[in-house]
Structure formats: C-alpha cells, structure tokens
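Spelled out from the first residue to the last, the chains are:
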There are 4 protein chains.
Amino acid sequence: MSGNTFGRLLRLTSFGESHGPGVGGVLDGCPAGLELSEADIQADLDLRKPGRGPASTGRKEADSVRLLSGIFEGVTTGTPIAFYVANEDQRPRDYAGLADAFRPGHADWAYFQKFCGIRDYRGGGRASGRETVARVAAGAVAKKILRRRNVVIHAGCVEFGGIAASPEETELAEAFAWPYFAPSERTAALWDARVEEARAAGDTLGGIVAIAARNVPAGLGEPVFDKLEAVLAHALMSVGAVKGVEVGEGFAAARLTGSQNNDPLLPGGGFASNHAGGTLGGISSGQDIILRAAVKPIASIARKQRTVDTRGRPREILIGGRHDLSAIPRIVPVLSAMTALVLADALLLQRRMEPV
Amino acid sequence: MSGNTFGRLLRLTSFGESHGPGVGGVLDGCPAGLELSEADIQADLDLRKPGRGPASTGRKEADSVRLLSGIFEGVTTGTPIAFYVANEDQRPRDYAGLADAFRPGHADWAYFQKFCGIRDYRGGGRASGRETVARVAAGAVAKKILRRRNVVIHAGCVEFGGIAASPEETELAEAFAWPYFAPSERTAALWDARVEEARAAGDTLGGIVAIAARNVPAGLGEPVFDKLEAVLAHALMSVGAVKGVEVGEGFAAARLTGSQNNDPLLPGGGFASNHAGGTLGGISSGQDIILRAAVKPIASIARKQRTVDTRGRPREILIGGRHDLSAIPRIVPVLSAMTALVLADALLLQRRMEPV
Amino acid sequence: MSGNTFGRLLRLTSFGESHGPGVGGVLDGCPAGLELSEADIQADLDLRKPGRGPASTGRKEADSVRLLSGIFEGVTTGTPIAFYVANEDQRPRDYAGLADAFRPGHADWAYFQKFCGIRDYRGGGRASGRETVARVAAGAVAKKILRRRNVVIHAGCVEFGGIAASPEETELAEAFAWPYFAPSERTAALWDARVEEARAAGDTLGGIVAIAARNVPAGLGEPVFDKLEAVLAHALMSVGAVKGVEVGEGFAAARLTGSQNNDPLLPGGGFASNHAGGTLGGISSGQDIILRAAVKPIASIARKQRTVDTRGRPREILIGGRHDLSAIPRIVPVLSAMTALVLADALLLQRRMEPV
Amino acid sequence: MSGNTFGRLLRLTSFGESHGPGVGGVLDGCPAGLELSEADIQADLDLRKPGRGPASTGRKEADSVRLLSGIFEGVTTGTPIAFYVANEDQRPRDYAGLADAFRPGHADWAYFQKFCGIRDYRGGGRASGRETVARVAAGAVAKKILRRRNVVIHAGCVEFGGIAASPEETELAEAFAWPYFAPSERTAALWDARVEEARAAGDTLGGIVAIAARNVPAGLGEPVFDKLEAVLAHALMSVGAVKGVEVGEGFAAARLTGSQNNDPLLPGGGFASNHAGGTLGGISSGQDIILRAAVKPIASIARKQRTVDTRGRPREILIGGRHDLSAIPRIVPVLSAMTALVLADALLLQRRMEPV
C-alpha cells in the first residue's frame, strides 16, 4: 500500500535514499532452483552505472551489489532475495543550500506536502533516480526467470532531444548499444551534437524509449483491471521522468480506422500485423509486446531558476551537485527491468491456470 | 491478484458478462456517513448508456442500478456497497456464428489461450465493454467522496477520427457536452461528418480523451512504485481500447528542454505553469491533474475480415451484432470514473499521514 | 484492506446485511473449466440453513442461491463468479427497540465506535452471522477445486455446552451428521438434554469444532508470515463467535516435551504420529491438517441484561428477534468452508513453484 | 503473496537465513516525523538475544542492528525503513551431517517438498528462529507509533514445561521480567528446576505466553475477514513453534453460557468484565486486548531420533549445533512485536474513517 513494493507473485520491495548509507531491495517469490550470482546482477547494474557517456553525471559509484539472502550453493532457494548497494560517492554538502528551497521540476515541494514538512533534501533523498538501482537488480533476476521460457527484452532510445531515429532504425533490434542505446552510430552522432548544444545552453534533454519483449507466451495478463498493458503502464510510469506510455500503435491508433488497426489472424497461430503491440483484451497474444515511454528532460538545469523557500518566500536558485544532462540513456535499463518484472510476475501468475 | 479488483483502501471488485444475467460490483472501503442513493449512481450510468448518439450501438439497456448492501437510512455504513445491473437486451444468438472463430482486434484469441480453451463467446463475454458499468457505478461513489474535499473531474474528447479540436478549445472546461463530450458544437459537427463517412465505409473510429482533476490536494500518491500518475496510468490503460496514456506534456515533454518544461514555483503555493500535469515525483502538487488517453477504433467493423477458427483453419467472417462505431463518447464517463476511483483512494490513503 | 475480501489467488469478496436486500459475494481466481452449478452451491448452503434442528433460530430462509456471472455452458470460465442470496424473512421491526442501545456481547458498540456513530442496527447488520452465507457458497466452489486433487475436509462438533465427546469418537470420521455434526447419536442425545436445560434457563451455549483436511499435498503454505496454519487461524478466527484456534496438539503441545511431540519420519514419506497437525515450518507435510476452533455461546440470551444507550445512559434490555441457542451446529459448515478456501488458495499459489 | 511481507499500511518485508550473511527487513508505511534511532531498535533486539538465560542456546550474536534508510536527522521520513543485522557466529559445519536427512519436528521435510528439493539446510535456513530478528526490530518501530496514542503491550510467560503460574500472578502486570518473562521469582524458580530436569533428560520444553495490549482505542479491526483477532491470530500463529492462539476466555468460552460470557456495558464507555478479550464483532471495544499463545517444545532434542534421508531411507540422527531448550523466553518479545505490528497497522488503517 505504501508504494515501495511492486508485483504480485514476484514482488520487489525497494529502499534507500540518494545520500543515505545505500540502496537495495528484497525480491520475494522467485522460484527455487534458479542459478543466480552477484555477477548476474552486476552486469545489468553496470548498464545504468553513473559517470559514463556524454550525457552523464559526474557522480562515480562502483555500484557493487551484495546478495544478502535467498541463495544457497549458487541457486535460489525460493526464499526472499535481498540485495544491497552501498552509496560511496555521496556529497550531501552539495545540497546544503537547498535545505529550505524547492527545486522546480523536482519532487521537493510535493514530498514536503506529503510527509508533513519532513524531507531528506540531500540529492532528492528517496525521490532520486538512485532508487532505480533496486529496480535494475531485481529486473536482472526477472530476466533469468524469463529466459527459461525464452522470453527476451530489447530496449533502446528512438528519439533524443527532439531528434528521432529513422523509422527503419526503430525496428527494434539487438543492436541497441551504449552510449544512448541508440539504433545506429549515425543517429548517436546526431545526438552527441544535440548534447553539446544543450550543455552549452545550461539546459537538459528528454527522449523516447522503445521496448520490445519477444517470445512472450499467449495468455499473460489478468482482466479486467490488471490487463497486461495496464500493469506495464503502471510499471513504466512509476519510473521518475516518464510522462507517457503507449502500447503498439499507441496514440497513433486514435487516428486509424478499425480496418487499418485490426490485426488479422493467420493459420498457425500468427497475425498478419502487430498494430496491437502484443495484447488483445489485455492478455498477451503471442506477438511481441511493443511499448514506448516518453522521458522528460532532467529538471536540474545549470541556470538560475525562480522558486520559493519553505516559508513561501520567493527565491532564485542555481542548482549545484552532479547531474546527468538527460535521463536517457541511463533510464533504458531501468525501463527494461520494469518490463521484465511485470512479465516474469505475469508468467508465474498464469501458472495457476495450467490444467492439473 | 486475479485482476477483477482495483484499488487499495477504496476497492472495486467487478463481475459480469455481456450476455450473462447482469453486471455489477462491490465497492469496499467507502467511509461511513456519505449520503448515497441509487439515483446518484444512475445519473452517471446514464452518461454511458448504450443506444444514444450518432456513434452508438443499437443495443438498448435501461441499465437500472440496484443497491444491494452498504446503505442504511440513505447513508453509507462503511460496509461493502454492492450494486447490480441486470442485462435486459441480450441477443446471444447474434454471436452463434462466432463460437468457433476469433474476431480480429478482439480478446477472443487471447482469452482462448489464457483460459485453456474455455470462452464465453457471446458478445465478448467478460471482455465486453459492458463490464465498464461497474467502473462507472463505483466512480459515482468515488466522486461523492471527492466532492467533500471539493475535488471535481472534467473529461471530454479532444480528438475524434483524426480530427483534433483546436488547442484553445481543449483548455478543459465544464462545457464538455453530449454527444461526444466535445468541446464545442462546431467541433461536434466536424465529428458528425466523420462518423457518416466511416459508417458508409463500414469502418470504425478512435480518438483522444482528456481529463482534468481540479482542486486535488497536494500530497497524494505513494512513491516509488505507486506514484499518482503510475496508478492513474494503470487505471486508464485497464479500460479496453485505451492504447496510450500521458500526463501533463506527456510525449511532447520528450522534445522540450529542462528550462522549457520546469514549472517555477510562486509565492503562495502556486506555479507559473503546469507542464508537469499536476504531479512532482509522483505526488500531487496541488495543481490540476492533466491526463490524456488514446482510444483505438472499435474492432467490430462491418466488413469481411480474415481470421482463423478454433482449429487454426483460415476463415472469413462478417461480424453481426450491435456495435458502436466508436468507443468515444461512451468511454469518456468510464475514464472519468477510473480517475475518480484513483483519486478518492489516494485521498483516503494519505489520511494515515496526517499528524495525530 | 477494508476487510471484506479474503484470499490471495482465490479471493472472496463478500457483501450484505442481515436485514438488507440480500447477501452475496464474488469469487475471483477460480480456474476455468470447473463444472459448477447453482445446485452444487445450494447443497452446502442447505447445511447452514436457519430454522432447523434443536438449537436453531426460528428465522426461515430458503437461502436460494443465484449465480450471476463466471459460468458458461456449465463450467467456470476463469472470470469472477458472483452469487447472490436474497433475504426473505427479514423482520427489522424486531430490532426497533435496539436502535439506540448496545447489546452486550454483540458488535453494536464497536461498530458504533468504528463507523463514526453510523450503524445498521437491524439484526446486527453486517455483523450478523448471515454474512457467512457468502463464505459457505464460496467454500463450495473451493471444495470442487480441492476435489480435483482428492483433498476432502471433514468437520464436526466435538464438545458442546461443556460436554465433550469421548476421545475415540473424535477421531474425525465421515460420520459427522446433522444435527450438531455430532460424532455419535449417543453424544447427540447428551447435547439435546443440555440444549433443553439452557433453553429453560434463557441461556445459550458454545462448543468446540474439529476440522480435518485429508490428502493435502505437501508443500502448501508460504513462510514466514503466511504459514499455512497462520492463514488457517486467520480464516477460522474471522468467523464471528470463534475465540480460539489450534493446530495438531495445540495448547496441549505446551505441556509436552520435544521427545513426546516430535513426529518421526518413516520410509515412504509418512510419519509415525501427527502431533504437529499436518504442517512443519508452516508448510503442509502431507499429513492430515488437524484444526480445532473454540466457539463462544451466542450473545443473544433470553434474559434481561444491563447495558447503555447511545448517549451513555444505563439501560436494561431484553433482546427479541429470533436467535439460535448456539452457533453450533450452523458454524460447522462455515468453518469447513473457510478451511476449503485457504487450502484451495494455497494449492493454486503453490503451482508457481512447479518446475517448468 | 509469497509470504515474507506482513501488514497492510504498515508492512514488514523480511529476509535472511540462519547461516547466510545476515537477517533484516524493510518496514514500509511508517508515518513521517517519528523519532527513531538504532538504539530504540537495539533495546528490543537485546530482549530476544541468544546466549542468555537458563534455557538458552550457546550461540552468541551481538545482533547489532544497522538502519539503512528512511531516517533523516533522527526522525522517520515516511520512506521505507530498512534494517540489517549481520550473522556473526555462524557455524554451518554443525549442520553438515544434516544435509541429506530431515530432522523430526523441523521444517526440513516440508521445505524440501515445497521448494522442489532445494533447501538451505544450515541451521534451518529461512525456517530458523533467527528470522524473528526482523519481527522484533520492526515491532520496536510499531511500538513507537503506538506510544503516541498511549497504547502499551505487556507480554510474559504464564505456563512453562507444564507448570502454570497461579491465576493471580497472571493478571498481566508490567512486572514480567527476565529470565522467562515470568510473573514472579517464585514461579521462575519452579521453572528453573523444570529446565534442569529436561536438560538432564536431553529433552525440551514448551509453554504458554500471555499478551495484553492496554489503551487500545475502540474501532480497530476490519470486518468481516480482517477482524482484529483474526489478524492477531494470523500474526501470532505465523511465529514458528506457536500451535494455538486464543483471545479473551478463548477455549474456556466454549464451556460458558451466554449469561456468563457476555460483558455488560457500563455508563461512561466501560464494561463490567472482559471475557471477550477486548473485541466485539472483530473490532476493538476499548477494553484491553487479551491474547494467549501455545508454544510447542523445541524440536531439536539431544537424543537419537528416527527419521529418513532425502532418498527415503531410514536414518537415526543425533542433532548437534547449539539449540535453546525452550522457545520460551525468547519468543516473548517476538509475540509482543507481532502484536504491536498488528495494532499499529490497524491504527493507521482506521484513520481513513475519521470525519473530514
């Protein structure tokens, strides 16, 4: 209820603040017998690690994960898997000047209202993107569950700073690569230029992330309220900076007619097209699940901004600290992880339906 | 877990099929002492009633709601409020020819896969839009809870069949009116013409619905996984035909820079703009909550379509039965109801935080 | 959260008051393909029907159940199963004198406190034993799920009005029969005499119910908080009038030594004894699940009692209406149903663990 | 769902094994603004610390708790409170001989069945009493929430190894003291003798714990399934070794008549007696909540026992390792903590009902 647990049979409970001792989580409901090591999780954490790439923060974190429970002799035991990543490169002093002012576009004001005037103002506290470490770590476990059924998830950036990749590029391939998880080097070069431009202007950028889940078995999703796309939308929109989510044709479907948008069924269990994006009536159809998420520009810009202090008086602030210029590309592994958590959970949930 | 319950403290459990005895629900968690009558609920149900307007189905349903529990002497008692609407105008025979074929764009195939080959094929069974009766009825109660705190929800159509209302019209006003919940008569006339065109072509249309919730107190929403917009996205995307959801600038935010997208705070608790759409860090900021949902065209077109039967053999079908030409406008009260359920639930949930 | 839903994958949501229109429920999560008819449910409802037997109320209710959803062509579809039983023999006037007084031993005072002074005082309203209709109806479905795995539940009364059946009788057999669900005619005759004695004194009686679930597969129950016996205790203690629950040796285990209480394992998967009552570490061991529940005497006695009115002033009341002299035997089918709901739910939940 | 999370608004998620790196938990839903330090939690942990008292294990653990999140400047922030206690005195080798045999009375066999043959056999793994560290730590926070409303919980042992304290002693007082949390020194001396006797016989002992919660406001508990005593029974029965739970008169109520068992209401909001044990209709009445739990003797006896190995072959084992002779007295703080978690949760949940 209190918002720090996600999932039904596969449940992640997350904890930690940006400048507290560390961040971590507990993943409950993972079946027994899955081979799992810290290295498996570390590989995914390294993809979202701070301090790398053209649009990155200056913060350096090793982000070394430690498994605290749930593993014995290299396999999961079916008991909760707890993991922990210590914060190492905290610099709470960077935020001293912000103790009594609210940064525009940040959670500061809303947390102040929600939590009765109490707020860990150091780097956003719980509202920091640093909490996504737990999502990525848990997602790595979910992906191992999915792989048993051959389900794989591809995620990449298809638009950055207003510059979209070409449609043929965005046919999601395994080629999505660092930096930016861009579909091609050519497009990555255009985005590099956009980054330089924004940096010079003391400004920040957003973009659009596309996700495809392949080999998803038909039958996942729980009508009527927990349709697969509804839970996926919940999952993606729960990531800070995401402002929109669509499945298949998404907003474009509003402009199609029924005869354009319907996907004819073919003999053999396939479909002639995938406008739907992999679900029918909220249940996976066996087609690829296709999602897109809109990511807003980072709120911490390197310009003076108008705001108010905790007493409501006008203030002008210039935000220090170390900030990414864009949530892209570090948000890509996070959205991929959330997709994995939803699909692995749905997979486990559907098992109750299998004939005895 | 099984998908037919929505909410945390205010929970709707829904039941019923299109051509079974009826549809209904149980709303648990409504505080005691709220004045509530069948007429209160009927008023909202009448807004989504079938059989009216240019884009409507021919199905006629009185949709008379009956309260079965939870009310005593005209007020809620704090116990579950059960309500029931009998199906009256069923014509299951219309669907006899569809017993062994899967309609493209419908849930048929996916339900068949999920539920082990078992399926109530009459009018979509549980996957029919008829289940939204329960959402609207429960939403009417949620709105009464919200009204105690002065929260009101406006919802309307801002784009239909590819024809968008003008930006100045879409400043959401209380003017949204039947038919279409269109922002102006001029726009409704354009949409009338689009309907005629589609009907002549045996085709169907989609559109975009906008929702604004006003006077929402700051502090609602539960970080990190149950951010207010995440739960709202879940709620809206759980409505059949919705393919995308966005909050505030939504997908447009991906193209803005941070300096354009940030909303400066003003002395007195306000903001200079509302690009965010009413939340910061997943918590309501006190600004209007602004949402948009993309609605796909109805899958039941009046044209022959290719598909397969339950044995995987190719079939050509022409769907009979009575079908709306667009889910707009009947989906508007449904999306409004889902928004109300989320906000009333969030309001009750936030009360635990109030100082003793 | 609000207390009217029970279960995890198999979830019962219940509604209805003693003297409102009726009582019913929604059972979500039943797998598709189970043969189910109103007659299946009616058979169990008839076991708890009012108006029969020596210790019974005078209230006459046909308790005819109607299925409103979730069934098609005689089998469950995997969608919510809603059922409804109309109240027919209401006599709210019997309670008119109790509108402003609190009956001792009843929920009246506590409901008044909880629900801010609002209360349906007619026959206890929601706090009436009449809500158990929904438990029994849902339990009938759960039992059909269990039967697929050969699990059966026996329940009977082993002590009534202070008169215990002999130990050899309480080896739970299928012989438990109406009235009282007593283990033998000899014991039932002793209890008849006790009923007459109590009736003459204007007093009421309690007793102890024993439940045995046979053929329960090993592996059910979720450590550490949802141990099988913990969820069973929750289920049984949630039935009005139950004041204690024990598993296996129960309170007697507190007086045994470890060497007396341990159950040695035998080759072939069995055990030399069943002091544990069928669980180890909160997980079913494959032995019979053995439970006992203590049932308090009915609070509505035919004697004048001291109490207070809603303004806190002293009152003397004599409760009218129609009341059972003991919750035994009508509570027996209710406790059996709750056991079935827990076990069927646990069975579905364990399926996620089965190897792919 | 997977059993390692407990609570509704105040939710504890627990993790850790007996001989893994450590044990801990995440407590979500604690309101902001509560003063909380590691010392607050340590004080309660010290009450259940191993290695002390006549009936104790030889295992030595400092059990130093570390807070990992949710606290800023000495107060809770409303975000998840994670805590961790490293295991220091593991001796997994003690259990090497048990890798392929099932200890009678332990979870070994049932875990093996549940988790598909996978099992951390070192000291019971997750099934060890060591997991109760998380319960006690979270309970310490719950108690601080309760103290704001003046609610206090007293718990002690009233029967040990078959020797009951006298009835006048068991009027629960704050006098319950270490060792045994016995009601008097005289009774503790009797129990000392019983311990020596059992130790000489290589045997173990059980007992009965009584709990009283005072100043609990009326109105807590959620009918019909989450009656306050049902959730309390769930909570207590979820603690390993507990085999029975009763409220108020408990099993004795089955032998009383209604006129004996009813508690007359008195002017001023009080009652003439408290047979009910503090609830009416599943809702707290404002009287003391009175609970009793039966604790079985420890399964690890110092005698040879018959059992089978993982291939089903007969084995005779003698359990090594370090084991308490009784779960009493270390279980007393655990049961107290579980009671606190339930009551604090119920208190937060009831706030939604407060008039606006």
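Model, not experiment: these values are computed from the prediction.

Calculation rules
- Residues numbered from 1 in each chain as written.
- Chains lettered and ligands numbered in written order.
- Predicted model: local features only at pLDDT ≥ 70, side-chain atom pairs only at ≥ 80, totals over all residues.
- Heavy atoms only, no water.
- Axes fitted to C-alpha atoms, helices over the stretch in contact; angles between N-to-C directions.
- Helix = DSSP H or I, 4+ residues; strand = E, 2+ residues; numbered from the N terminus.
- Parallel < 35°, antiparallel > 145°, perpendicular 65-115°, else oblique.
- Left-handed = near helix turned anticlockwise from the far one by under 90°.
- Contact = heavy atoms within 4.5 Å.
- Nonpolar A, V, L, I, M, F, W, Y, C, P; charged D, E, K, R; others polar.
- Phe/Tyr/Trp six-rings, centres within 6.5 Å; stacked < 30°, edge-to-face > 60°.
- Buried < 20%, exposed > 50% of the residue type's maximum accessible area, 1.4 Å probe, protein only.
- Lys NZ or Arg CZ within 6 Å of the ring centre and 35° of its normal.
- Polar contact = N/O pair within 3.5 Å; in protein donor to acceptor, adjacent residues only side chain to side chain.
- pLDDT = per-residue confidence, 0-100.
- Pairing = 2+ DSSP bridges.
- Buried area = accessible area lost by both parts, 1.4 Å probe.
- Salt bridge = Lys/Arg side-chain N within 4 Å of Asp/Glu carboxyl O.
- Least-squares fit on C-alpha atoms with pLDDT ≥ 70 in both.

Thoughts on the packing of helix α1 (residues 38-47) of chain C against helix α3 (residues 132-147) of chain C
Residue and element names in this part refer to chain C.
- At a minimum axis distance of 9 Å, the contact between α1 and α3 shows a crossing angle of 125°. As far as their axial angle goes, α3 and α1 are oblique. Judged by the twist between their axes, the crossing of α1 over α3 is right-handed. Residues D40, I41, D44 and L45 of α1 lie in contact with α3, whose contacting residues are V133, V136, A137, A140, V141, K143 and K144.
- In terms of residue class, the contact of α1 with α3 is made up of 7 nonpolar, no polar and 4 charged.

Details of the packing of aromatic side chains
- Counting across every chain of the model gives 42 aromatic pairs over all chains.
- Here the aromatic rings of Y180 of chain C and W191 of chain C are separated by 5.8 Å at their centres, their planes lie at 90°, and the arrangement is edge-to-face. Of this pair, Y180 of chain C sits in the loop between β9 (163-164) and α4 (185-200) while W191 of chain C sits in helix α4; the two residues are 11 residues apart in sequence, bridging distant segments of the chain.
- You can call Y180 of chain C buried: its relative accessible area is 1%.
- Taking the centre distance of 6.3 Å and the plane angle of 85° together, the rings of F271 of chain C and W109 of chain D count as edge-to-face. Taken together, the residues span two chains, with F271 of chain C in the loop between α6 (258-261) and β12 (279-280) and W109 of chain D in helix α2 (residues 108-114). Grouping residues by exposure puts F271 of chain C and W109 of chain D together as buried.
- The ring of F115 of chain B carries K114 of chain B above its face, with NZ or CZ at 6.0 Å from the centroid.

Observations regarding the interface of chain A and chain D
- Between chain A and chain D, the contact holds 41 residues from the first and 41 residues from the second.
- Taken together, the links from chain A to chain D amount to 9 residue pairs in polar contact (both at pLDDT 80 or more).
- Every element with two or more residues in the side of chain A that touches chain D is listed here: β2 (11-16), β3 (22-28), β4 (65-67), β6 (75-76) and β7 (81-86) of chain A.
- Broken down by element, the side of chain A that touches chain D gets its largest block of residues, 5 residues, from β2 of chain A.

Re the confidence of the model for chain A
- In this model, chain A carries a mean pLDDT of 92, and residues with pLDDT of at least 70 account for 94%.
- Our summary of model confidence lists the complex with pTM equal to 0.97 and ipTM equal to 0.97.

Describing the pairing of strand β10 (residues 207-214) of chain D
All names here are of chain D.
- Among the 8 residues of β10, 7 are classified as buried, and the element is accordingly described as predominantly covered.
- Taken together, the 8 bridges between strand β8 (residues 152-160) and β10 define a ladder with antiparallel strand orientation. Directly across from G156, in β10, lies its bridge partner A210.
- Relative to strand β16 (residues 289-295), β10 runs antiparallel, the two being bridged by 7 bridges. Paired with V209 across the bridge in β16 is A293.

Focus on the interface of chain A and chain B
- With 108 residues of chain A at the contact, the number on the chain B side is 108 residues.
- When chain A packs against chain B, close to 8200 Å² is buried across both sides, 63% of that on carbon and sulfur atoms.
- It is K114, F225 and K243 of chain A in chain A that bury the most area against chain B; as a group they hold 11% of the surface buried on that side.
- At the junction of chain A with chain B, the criterion picks out 4 salt bridges.
- At the boundary of chain A with chain B, the tally comes to 50 residue pairs in polar contact (both at pLDDT 80 or more).
- Considering each element in turn, the side of chain A that touches chain B owes the most residues, 6 residues, to helix α5 (residues 228-237) of chain A.

As for the sheet that holds β7 of chain A
- Taking strand neighbours across the sheet as the criterion, the 5 strands line up as β1-β2-β3-β7-β4 (chain A) in an open arrangement whose pairing is antiparallel. The open sheet has two edge strands with one neighbour each: β1 (5-6) and β4 of chain A.

Digging into the relation of the copies chain A and chain D
- With an axial shift of 0.0 Å and an RMSD of 0.0 Å, the rotation relating chain A to chain D amounts to 180°. In the structure described here, the two chain copies are related by an operation that fits a two-fold rotation axis. Nearest to the rotation axis, the C-alpha of T13 of chain A is located 3.7 Å from it, this being the minimum over chain A.
- Interface overlap between copies is the fraction of interface residues in one copy that are interface residues in the other; for chain A against chain D it reaches 100%, indicating a shared surface.

Considerations on the pattern of salt bridges
All names here are of chain B.
- If you walk through the whole model with that rule in mind, you get 84 salt bridges over all chains.
- Put simply, E131 and R135 hold a salt bridge, and the shortest N to O gap is 2.9 Å.
- Residue E131 is classed as buried on the basis of its relative accessible area, which comes to 5%.
- Residue class for R135 comes out buried when judged on its relative accessible area of 0%.

A word on the packing of α5 of chain A against helix α7 (residues 331-350) of chain A
All names here are of chain A.
- Packing of α5 against α7 leaves a shortest axis separation of 9 Å and a crossing angle of 145°. For the element pair α5 and α7, the recorded crossing hand is right-handed. On α7, the residues touching L228, V231, L232, A235 and L236 of α5 are L335, M338, T339, V342, L343 and A346.
- Among the residues making up the contact of α5 with α7, the classes are represented as 10 nonpolar, 1 polar and no charged.

Here we look at the side chain of N262 of chain B
- For N262 of chain B, the location among the structural elements is in the loop between α6 (258-261) and β12 (265-266).
- What N262 of chain B contacts, discounting residues up to four positions off in sequence, is P104, G105, A299, I301 and Q305 of chain A together with S273 and H275 of chain B.

Some words on the relation of the copies chain A and chain B
- Rotating chain A by 180° about the axis while translating it 0.0 Å along that axis superimposes it on chain B, leaving an RMSD of 0.0 Å.
- Residue by residue, 100% of the interface of chain A is reproduced at the interface of chain B, so both copies engage with the same surface.

Observations concerning unusual backbone geometry
- In this structure, the amide linkage connecting I328 of chain A to the following residue, P329 of chain A, adopts the cis form with an omega of 5°.
- Within the fold, P329 of chain A resides in the loop between β18 (314-317) and α7.
- A cis geometry characterises the amide bond from P223 of chain C onward to V224 of chain C, with omega recorded as 5°.
- Relative to the assigned elements, V224 of chain C resides in the loop between β10 (207-214) and α5 (228-237).
- Located in the positive-phi region is C116 of chain A, a residue other than glycine, with phi close to 60°.
- Here C116 of chain A shows up in the loop between α2 (108-114) and α3 (132-147).
- Unusually for a residue other than glycine, N150 of chain A sits at a positive phi of about 75°.
- For N150 of chain A, the position within the fold is in the loop between α3 and β8 (152-160).

As for the sheet that holds strand β10 (residues 207-214) of chain B
- Strand order across the open sheet formed by 10 strands is β9(A)-β8(A)-β10(A)-β16(A)-β11(A)-β11(B)-β16(B)-β10(B)-β8(B)-β9(B), with antiparallel pairing between neighbours. Strands at the two margins of the open sheet, each flanked by one partner only, are β9 (163-164) of chain A together with β9 (163-164) of chain B.
- For strand β8 (residues 152-160) of chain B and β9 of chain B, the ladder comprises 2 bridges, and the chain directions are antiparallel. Paired with F160 of chain B across the bridge in β9 of chain B is I163 of chain B.
- Together, β8, β10 (207-214), β11 (242-247) and β16 (289-295) of chain A form the strand contacts of α7 of chain A, whose direction differs from that of β8 of chain A by roughly 145°.
- In the packing of helix α5 (residues 228-237) of chain B onto the sheet, contacts are made with β11 of chain A together with β10, β11 (242-247) and β16 (289-295) of chain B, and the angle to β11 of chain B comes to roughly 160°.

A short note on the side chain of E246 of chain C
- Here E246 of chain C is to be found in strand β11 (residues 242-247).
- Note on E246 of chain C: relative accessible area 7%, which makes it buried.
- There is a polar contact of 2.9 Å between the side chain of E246 of chain C and the backbone nitrogen of F251 of chain C.
- Reaching out from E246 of chain C, the side chain makes a polar contact with the side chain of R292 of chain C at a distance of 2.8 Å.
- Ignoring any residue separated from it by four or fewer positions in sequence, one finds E246 of chain C in contact with F251, I290, L291 and R292 of chain C together with M237, K243, G244 and F251 of chain D.

Quick look at the pairing of β11 of chain C
- For β11 of chain C, the tally of buried residues reaches 6 of 6 residues, placing the bulk of the element in the interior.
- The pairing of β11 of chain C with strand β14 (residues 289-295) of chain C spans 5 bridges and is antiparallel. Across the sheet, V242 of chain C pairs through a bridge with V295 of chain C, a residue of β14 of chain C.
- Strand direction decides the pairing type here: β11 of chain C and strand β11 (residues 242-247) of chain D, joined by 3 bridges, are antiparallel. Paired with G244 of chain C across the two strands is E246 of chain D, which belongs to β11 of chain D.

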